[in-house]
Amino acid sequence: MDAAAETSLRIGGMHCAACADTVEAALRRVPGVVEARVSASAQVASVRRDAAAAPVSRLVEAVRAAGYDASPDTAAQARAARAREARLALWRLFVAGLCAVQAMMLVEPTYLAAPGDIAPEYLRLLEWGAWILTLPVLAFSAAPFFAGAWRSLRQGRIGMDVPVTLGVAVAFLASTAAAADPAGPLRGTAAFDSITMFVAFLLGGRYLEMKARHRAEAELEGMTSRLPLDVVRVGAGGVDETIPVDAIAPGDLLRVPRGEAFAADGTIVEGRTEADESLLTGESVPRPRRPGDAVVAGSLNLGAPVLMRAERVGADTRYEAIAALMRAARTAKPALLRTADRWAAPFLWAVLALAALGALGWWFVDPARVPWVVVSVLIVTCPCALSLAAPSALLAAASRMAREGLLLRDIDALARLVRVDEVFLDKTGTLTTGRPRCTGTIVLAGTLAADALAGRASSLAAWSTHPLSRALQAARDGDGSVWREVREVPGRGIEAIDVEGRCWRLGAAAWAATVSTGAVRPADVVLSRDGAPLARFAFDEAVREDAPAAVQALQAEGVRVHLLSGDDPDRADAVGARLRLDSARGGLSPEDKLQALRAAQDAGRIVAMVGDGINDAPVLARADVSIAMGEGAQVARAQADGVLLSNRLADLVRARALARRTLRVIRQNLAWAAAYNAACVPLALLGVLPPWAAGLGMATSSLVVVLNSLRLTHRAPWTASIS
Amino acid sequence: MDSLYLLIPFSVLLVLALIGVFGWALGSGQFDDLEREGGRILSEPGLSFDTDQRARQAVPEE
């Protein structure tokens with residue numbers, strides 16, 4: 001499938017996790033669709049499809065046929081859809097609330113007066129008044145429940161709306177029968193106030209949930225729609241022209257006014273400013289940026305107008321990579337959530353069975369109370385609390401982490417992160433700043449001068465984004481050599497053929513220098529021609545400021561911290577000794593690293609690997625939890641569970657603390673939901689619980705779960721969780 | 001007590017009318033952004049307030 005395209009659709013009308021399955025199934029049935037994933041919490045479907053065979057219009061049609069609404073996922077439409085949804089929800093809630101209050105007023109005299117105080121004809125007048133007020137509640141306010149129940153029944157599934165709908169319908173029919181036949185078996189049991197109040201409580205709970213979801217979505221959109229629409233380009237001849245943002249080409253000179261976002265990754269050419277990169281890195285302090293400094297797309301220019309040269313644009317920017325990661329993370333369904341989905345259906349069947357059992361039992365005791373026992377059982381059981389327990393906490397934790405600079409691609413990694421007892425760290429770019437400095441060029445052989453060799457090395461290094469390559473580029477401009485057949489060998493170096501057909505290699509001496517000279521050690525960085533080393537480059541690098549504290553904090557938690565580096569063993573040892581690591585090994589190939597990781601896993605350890613994401617790809621893939629550092633343009637290619645956008649190792653320790661709290665919150669939620677249902681169902685079966693109390697209980701129970709999860713986003717400042 | 005035959009239907013009709021009024025207010029967007037309304041007095045252009053808290057037309061800034 002050549003024209004495979006990934007498309008996001010916003011889905012409207014989903015209320016529970018089971019709806020997501022329905023939409024997924026509908027999308028997968030469209031010819032040309034390769035894969036469809038739906039996130040119930042974000043209400044977004046992400047579809048991989050053959051662009052020619054399955055146009056977006058066909059996807060939208062399929063979703064609409066299944067009974068939901070779909071629209072392409074662009075921020076403006078999503079905002080409009082949210083506003084519509086919020087208005088409708090508020091109106092439904094208002095109608096239910098107002099009618100509930102008025103129905104209560106009409107029913108109240110029957111609670112206060114002694115039997116016989118009110119003449120029967122006035123009683124009937126009051127009952128029919130309440131009946132009329134119940135109609136708009138059922139026809140309009142409760143419509144989403146009926147529609148949801150109908151959808152799931154039509155698909156042959158059972159959803160959370162089914163018991164609710166049954167409860168409301170049974171209560172309304174029984175009350176109507178009681179009002180219509182004052183001498184019948186159900187006499188005096190009309191409860192229009194309970195029905196309306198129950199619907200109002202339930203809608204109130206859903207309204208608050210919807211508000212919380214809208215806020216989270218708007219936050220994500222703020223992140224993913226940051227770029228300006230138009231930019232000012234300095235065109236040929238120095239004339240300014242305004243162009244749309246997608247017309248920028250690498251190499252363009254752009255004017256960035258104060259207060260606007262940089263539209264591309266690049267470097268400052270002119271002017272001094274400060275850049276707010278908080279959305280991309282979690283770093284809240286604006287960073288000074290001077291000519292020659294790098295700026296990233298999506299960060300804000302706070303200081304002064306500057307002139308920048310665009311280097312990476314559009315989908316190549318780090319910003320787009322991060323936005324794509326966030327979209328992927330939003331639609332991936334965590335395993336904990338899948339478990340909740342599996343439990344929802346049996347739970348709902350059990351509720352229906354219990355209601356039937358209660359009806360049968362009460363039939364022999366007091367047939368007039370049968371409808372009310374059934375209604376109470378159907379309404380009081382709260383599958384919402386069970387099914388929200390894990391996803392609401394995970395979503396809250398993930399959005400908190402994203403805000404602090406750790407972006408989780410795989411939410412399940414959260415649970416594994418807690419169990420980690422062995423951490424492997426890469427050195428360059430992970431423990432150290434990854435910005436080594438080239439301190440000198442030592443000529444080993446040949447006739448070329450040191451400066452010429454540095455220029456040649458710089459032009460070859462321009463083909464690689466390895467930190468050492470960047471240091472070489474920073475030390476001297478390339479000499480403009482033309483290269484062909486450029487090939488990068490991970491962990492070794494880069495090789496290319498020059499115009500004369502000679503093979504140049506830049507990288508570890510063990511690989512680049514096949515002709516031994518004895519003057520270089522295997523891990524030195526050398527430039528070689530046809531295997532003969534010509535020059536050696538000297539580097540130094542600084543350990544990250546927060547690394548010692550982070551390592552200590554991890555060790556205090558009983559985690560063993562190891563260094564696995566492809567770099568020179570001496571330098572690895574030096575860093576290991578300075579940071580008091582449990583072990584430090586240098587001179588390792590990716591295969592060696594994988595070997596070390598396997599050995600630890602075979603010994604029963606849970607291993608986390610932190611690396612730069614590209615050179616360590618196989619090792620990251622094998623680790624139980626893999627974290628890639630966010631520096632560099634290739635975060636999107638990093639197949640890691642999470643990306644540390646802040647580049648602060650200390651955030652890993654804090655993330656572990658947050659993950660522990662998340663698991664605790666999930667356990668609390670599940671315990672609450674289980675205890676609530678276990679306590680309330682027997683009460684309802686015994687006929688002690690009136691329907692209105694059941695409705696209040698159900699709405700409160702899911703609110704308790706959502707609020708408990710929201711503690712993760714707000715309480716306990718991030719910095720306080722590490723000493 | 002016969003007045004109840006008038007009052008109860010009347011109260012029901014009143015509720016339905018109230019729902020209609022609220023629906024109009026909602027449809028005109030009055031409840032779309034409740035947080036922002038409080039701050040609008042600070043950002044509304046063309047209005048300023050003297051020390052007596054009386055609104056008047058702003059003097060264009062030079």
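Rules used in this analysis
Residues numbered from 1 in each chain as written. Chains lettered and ligands numbered in written order. Predicted model: local features only at pLDDT ≥ 70, side-chain atom pairs only at ≥ 80, totals over all residues. Heavy atoms only, no water. Helix = DSSP H or I, 4+ residues; strand = E, 2+ residues; numbered from the N terminus. Buried < 20%, exposed > 50% of the residue type's maximum accessible area, 1.4 Å probe, protein only. Areas by Shrake-Rupley, 256 points an atom, 1.4 Å probe, with all protein chains shown as cover. Contact = heavy atoms within 4.5 Å. pLDDT = per-residue confidence, 0-100. Expected span 1.5 Å × (residues − 1). Pairing = 2+ DSSP bridges. Arc of directions from axis to C-beta. Buried area = accessible area lost by both parts, 1.4 Å probe. Salt bridge = Lys/Arg side-chain N within 4 Å of Asp/Glu carboxyl O. Polar contact = N/O pair within 3.5 Å; in protein donor to acceptor, adjacent residues only side chain to side chain.

Secondary structure assignment for chain B yields two helices and two strands. For chain B, the succession of helices and strands along the chain, N to C, is α-α-β-β. Counting every position in chain B, which comprises 62 residues, the buried fraction comes to 15%. Approximately 5200 Å² of chain B is accessible, and the part contributed by carbon and sulfur atoms is 62%.

A tally of regular secondary structure across chain A gives 23 helices and 26 strands. Out of the 723 residues belonging to chain A, those deemed buried represent 52%. Excluding contacts between residues fewer than 6 apart, the proportion of contacts in chain A whose partners are at least 24 apart in sequence is 67%. For chain A, the accessible area works out to roughly 30900 Å², and carbon and sulfur atoms hold 59% of it.

To continue, consider the confidence of the model for chain B. All names here are of chain B. Mean pLDDT for chain B: 71, with 52% of residues reaching 70 or above. Taken element by element, chain B is modelled with least confidence in strand β2 (residues 55–57), mean pLDDT 51, and with most confidence in helix α1 (residues 4–27), mean pLDDT 89. Low confidence marks residues 58–62, where pLDDT is under 50. Its contacts with residues over four positions away, or in another chain, come to three contacts. Scoring the predicted complex yields pTM 0.62 and, for the interface, ipTM 0.71.

Between the first and last C-alpha of helix α4 (residues 120–141) of chain A there are 31 Å, a value that for 22 residues agrees with the 32 Å anticipated at 1.5 Å per step. Those residues of α4(A) that fall on the buried side of the exposure criterion are Tyr122(A), Leu125(A), Leu126(A), Gly129(A), Ala130(A), Leu133(A), Thr134(A), Pro136(A), Val137(A), Leu138(A) and Ser141(A).

A few words now on the sheet that holds strand β12 (residues 300–301) of chain A. What links the strands of a sheet is backbone hydrogen bonding, and the strands pair in either a parallel or an antiparallel sense. Spatially, three strands are ordered β10-β9-β12 (chain A) in an open sheet, and the strand pairing comes out antiparallel. The open sheet has two free edges, formed respectively by β10 (287–289) and β12 of chain A, since each of these has just one partner strand.

Residue and element names in this part refer to chain A. Of the positions making up helix α18 (residues 547–556), those classed as buried are Ala547, Ala550, Val551, Ala553 and Leu554. Seen along its axis, α18 keeps its buried residues to an arc of 160°; they face one direction. Looking at the buried side of α18, the elements it contacts are β15 (422–425), α14 (427–431), β22 (560–564), α19 (569–579) and α22 (650–685). Phi turns positive one or two residues past the end of α18, at Gly558, with a value near 85°.

Contacts between the two partners involve 17 residues from chain A and, on the opposite side, 18 residues from chain B. A combined buried area of about 1700 Å² lies between chain A and chain B, and 80% of that area is made up of carbon and sulfur atoms. Looking at the side of chain A facing chain B, the largest losses of area belong to Arg87(A), Tyr122(A) and Leu125(A), adding up to 37% of the total buried there. Viewed at the interface, chain B and chain A are joined by zero salt bridges. Across the contact surface, chain A and chain B share two residue pairs in polar contact (both at pLDDT 80 or more). Among the secondary structure elements, those contributing two or more residues to the side of chain A that touches chain B are α3 (75–112) and α4 of chain A. For the side of chain A that touches chain B, the element with the highest residue contribution is α3(A), accounting for nine residues.

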